[in-house]
Every structure is written in C-alpha cells, then in structure tokens.
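Residue strings, one per chain:
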Amino acid sequence: MSPLVRSMRRKLLGETRTIPLGVAAAIVLALLLEAVLPRGEWRWIGGFAFASVLITTLMLALYPKTPRRHR
Amino acid sequence: VNFTLTLFASTGASGVELLEALAIVLGVAVTRGFRNALLGALAGGLVIVALCLLLGPALRAGAGVGMVRVVVGTVLLLFGLEWLRKGVLRMAGRRRKASSYHEFAQARDTAASLPAAAGGRDWPARAVAFQGVFLEGLEVGLIVIALGASPGRLTPALLGATLALLLVIAVGVALREPLRRLPETQIKLAVGVALTAFGTYFAAEGLDVHWPVAELAPLYLILLYALTASLAVRRLERHAPTPEHA
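Procedures and definitions
Residues numbered from 1 in each chain as written. Chains lettered and ligands numbered in written order. Predicted model: local features only at pLDDT ≥ 70, side-chain atom pairs only at ≥ 80, totals over all residues. Heavy atoms only, no water. Helix = DSSP H or I, 4+ residues; strand = E, 2+ residues; numbered from the N terminus. Buried < 20%, exposed > 50% of the residue type's maximum accessible area, 1.4 Å probe, protein only. Areas by Shrake-Rupley, 256 points an atom, 1.4 Å probe, with all protein chains shown as cover. pLDDT = per-residue confidence, 0-100. 1 Å grid on protein atoms, 1.4 Å probe; cavity = no way out; pocket = protein on both sides within 12 Å on 5 of 7 lines; lining within 4 Å. Points joined across faces, edges and corners; volume = space filled by probe spheres on them. Nonpolar A, V, L, I, M, F, W, Y, C, P; charged D, E, K, R; others polar. Expected span 1.5 Å × (residues − 1).

Draft legend 1. Region of the structure containing the overall build of chain A. Looking only at helices and strands, one finds three helices and zero strands in chain A. Reading chain A from its N terminus to its C terminus gives the helix and strand order α-α-α. The buried share among the 71 residues of chain A stands at 30%. Element-wise, carbon and sulfur atoms account for 63% of the exposed surface of chain A, whose accessible area totals about 4,800 Å².

Draft legend 2. Focus on the environment of Ala 43 of chain B. Structurally, Ala 43 of chain B is set in helix H2 (residues 34–62). For the pair formed by Ala 43 of chain B and Ala 204 of chain B, sequence separation is 161 residues and the distance between their alpha carbons is 37 Å.

Draft legend 3. Highlighting the confidence of the model for chain A. Put simply, chain A has an average pLDDT of 84, and 87% of its residues get 70 or more. When the elements of chain A are averaged for pLDDT, helix H1 (residues 3–13) of chain A gives the smallest value, 78, and helix H2 (residues 18–36) of chain A the largest, 93.

Draft legend 4. Here's a closer look at empty space enclosed by the protein. Throughout the structure, instances matching the rule amount to two cavities of 30 Å³ or more. Here the largest cavity defines a volume of roughly 40 Å³. Around the largest cavity, the lining residues are Ile 48, Leu 51, Cys 52, Leu 55, Gly 137, Leu 138, Gly 141, Leu 142 and Ile 145 of chain B. Those elements giving two or more residues to the lining of the largest cavity turn out to be H2 and helix H5 (123–147) of chain B. Looking at the lining of the largest cavity, its residues break down into seven nonpolar, two polar and no charged. Counted as a void, the second largest cavity has a volume near 40 Å³. Among the elements of the structure, H2 and helix H3 (39–62) of chain A are those that each provide at least two residues to the lining of the second largest cavity. Element by element, the count of residues in the lining of the second largest cavity is highest for H3 of chain A, at five residues.

Draft legend 5. Just helix H8 (residues 184–206) of chain B, in detail. Residue and element names in this part refer to chain B. The end-to-end C-alpha distance of H8, which contains 23 residues, comes to 32 Å, matching closely the 33 Å that a straight helix rising 1.5 Å per residue would cover. Across the 23 residues of H8, 18 count as buried, placing the element largely inside the fold. Residue Asp 208 follows H8 closely and has a positive phi angle near 75°.

As structure tokens, then:
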C-alpha cells in the first residue's frame, strides 16, 4: 500500500479499528431497534440509545488494553 | 443557535487542519524554496476543491434526505470520535500534545532529506507540499460538506471554512512564531466534541429519531460529550500510562 493511500486511510478511518467498527455497530443496532420497537418509542429513546453506543465505542477506543488493577 | 454551532465547528475543524497544512508547506518552503512549496500546495488545494464540487452535489442528489443524514452523520462521527479520542489521550498526558510546529519541523526535515532538484523544477518538494495540503484539505472538505449538507447549514459551514482559511493565512503571514502559541490540543478536543455531537444528531435524525427540544439537541449533545471527555481524562490521569498510549 502506498504511503499516500495509507495516510488517507488513517485520515478517514482513524488510527484504531474500534471507532469505525463502533460507528457501524451503532447504525446497525439502531436499524434493528427501529424495526423492533414501536415507532413512537424508538423516536423518543432512539437518539439516546444511539449516543450511548457511541460513548461506549469511545470508551473502548480509549481503554483498549488497560491492565486490571489487582487488590 | 444551530447557525453559531455550525459556524464554530466548521471554523475550528478547518482552522486546525489548515494550520497543519500551512506548517507542512512552510517546512517545505524554508528548505526548498517558496515557489515549489506554493505550487505543490496550490495543486493540492485545487484537487480538493474539485473533489468537493463533485462530492457535494452528488451527495445531495443521489440519495433520500434520511440516507444523506446518515452518511453525513457517519462522516462527522468518524472524524469527531477520533479527534475526541486523541484529545482525551493528550489532555491526560498519554499522547504528545498537538503541535503544528512539530509538523513544520517534520516537513522541514523531510524536505531537507529529499533528493536534489533536477533543473529548476523541484518535483520532490512539490510532492511533499501537495500531499500535505491534499491530506489535510481532504478532511476539511469532507467535514464542510457534511456540516453543510442539511438545509440552512451550508452558509455557516462555508463561512466557517472561509474564516478559518483567512485566519490561517493571517497567522502564517503576520506572526513570527504562530505555531507554538496556539492551544491546539484544547481546540482539537473542543472541535472533536462538536463534530461528534453534530454527527450523532444528524445520523439519529436520518434514522427517524425525534430529539426532544430539537433546536437545542446539538447543544445538549455537546454538553454530554464534553462531560464524557472530561470524565475520561480524569479516569486516565488516575491510571499509570501504558506503552500503547505513549
């Protein structure tokens, strides 16, 4: 892969796979919930459910290999 | 409120990326001459403008409103969450602070190590300047297209990018050591918060979500992500750094 293409991929998708995968997962999950939940419920809680998955994605991207604390 | 927030997000995102592009062009210019650096930068800028002129209308014409919002939201989320991640790591001391001066020094060293120019045309130097402007400009272009894709937001998005361009040119021309003075880490973190909030807002609307008090939704999403980032910084500060984050 040429350096330019590699740099473009890093610019567009970032340095970790967690974020693109997490965003994709959030959209797929949202589509599933939209199909399953009654329309009114999805409209009201959908945004916050979507944001929750994105915050979880951010946390996973921030702490990929945080060592466990031993007591 | 939305006009101001879009303007802020566009100016901030464009400003920091253009500043990095300026640093690279200056790095090439001081070692290989201004003419070659400017020619490479100009070519990179023209390619980005052409891409935006192709992509922007195609995005609006090629899909339904809901799909456009999901695509726009996804683009903003990819950039926003990555900036947010890097910003949190930088604020927690887990990553080197954002610095266009570092980009400048790196470009200067790269340009100095390039093979000598054959004749008057310094193609290697032009290529470095082109690549710098193209890569940073690509991010600016996509963010501005995404922010401006909704009705009523194109004006603040374009205005923000223009304002950022003028500011960066002014910084490049007027100040002696501009790249060291700007709090880039904080600016990037704030822009990351704003882009993530807008990305969440647009993508969710595309998925048929109705935000409570929709006019204020970008604002409370900004507060939500700012709070999340602040808590994440505190949590990371409490733990010893790991080599992966150094």
